[in-house]
Amino acid sequence: MAQNMRAAGMVPISIVVYAHPDAANGIPFWAFALMALGLVALAIGYTIFLDWFTPPGAEDPFDRYRRFD
């Protein structure tokens, strides 16, 4: 939960830093892009990690909520 809150706060902070670089005193401008990429990589890695534990042929409990357009 705390990581999701940090990720949500990263977007406005990165916009401010790109618009006004001296707002982030001591943090290089590219650090925010690297942190955003790291969070995306963490989310993808966590999803792949969870797929290892899913038994074959398991039913998706949220399948009834998905749209199949």
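Residues numbered from 1 in each chain as written. Predicted model: local features only at pLDDT ≥ 70, side-chain atom pairs only at ≥ 80, totals over all residues. Heavy atoms only, no water.

*Asks:* Talk me through the overall build of the protein chain; I want residue IDs and the actual numbers.
*Replies:* When its secondary structure is counted, the protein chain shows 2 helices and 0 strands. Counting over 69 residues, the protein chain shows a buried share of 9%. (Helix = DSSP H or I, 4+ residues; strand = E, 2+ residues; numbered from the N terminus. Buried < 20%, exposed > 50% of the residue type's maximum accessible area, 1.4 Å probe, protein only.)

*Asks:* So what about the environment of phenylalanine 29? Which residues, and what values?
*Replies:* With respect to the helices and strands, phenylalanine 29 occurs in helix α2 (residues 29–53). Each C-alpha atom of the pair phenylalanine 29 and serine 14 lies 8.3 Å from the other, and the pair is 15 residues apart in sequence.

*Asks:* Could you give me a rundown of the packing of aromatic side chains, with the residues and numbers involved?
*Replies:* Counted under the stated rule, the structure contains 3 aromatic pairs. Aromatic side chains phenylalanine 62 and tyrosine 65 sit 6.4 Å apart centroid to centroid with 40 degrees between the ring planes, which places their arrangement in the tilted category. Across this residue pair, the class does not change: phenylalanine 62 and tyrosine 65 are exposed. Within the aromatic cluster, the residues linked to one another by ring pairs are Phe49, Trp52 and Phe53. (Phe/Tyr/Trp six-rings, centres within 6.5 Å; stacked < 30°, edge-to-face > 60°.)

*Asks:* If you had to explain a nonpolar patch on the surface to someone new, which residues and values would you point to?
*Replies:* The grouping of Val40, Ile44, Tyr46, Ile48, Phe49, Leu50, Trp52 and Phe53 at the surface amounts to a nonpolar patch, some 900 Å² of accessible area in total. With respect to the helices and strands, isoleucine 48 occurs in helix α2. (Patch = residues over 30% accessible without salt bridge, like charges linked within 9 Å, V, L, I, M, F, W, Y side chains within 5 Å. Areas by Shrake-Rupley, 256 points an atom, 1.4 Å probe, with all protein chains shown as cover. Salt bridge = Lys/Arg side-chain N within 4 Å of Asp/Glu carboxyl O.)

*Asks:* Pulling in residues and values, what's your account of the environment of arginine 64?
*Replies:* Positionally, arginine 64 belongs in the segment after α2. Looking at arginine 64, its side chain comes within polar contact range of the side chain of tyrosine 65, at 3.3 Å. (Polar contact = N/O pair within 3.5 Å; in protein donor to acceptor, adjacent residues only side chain to side chain.)

Purely geometric numbers; function is a separate question.
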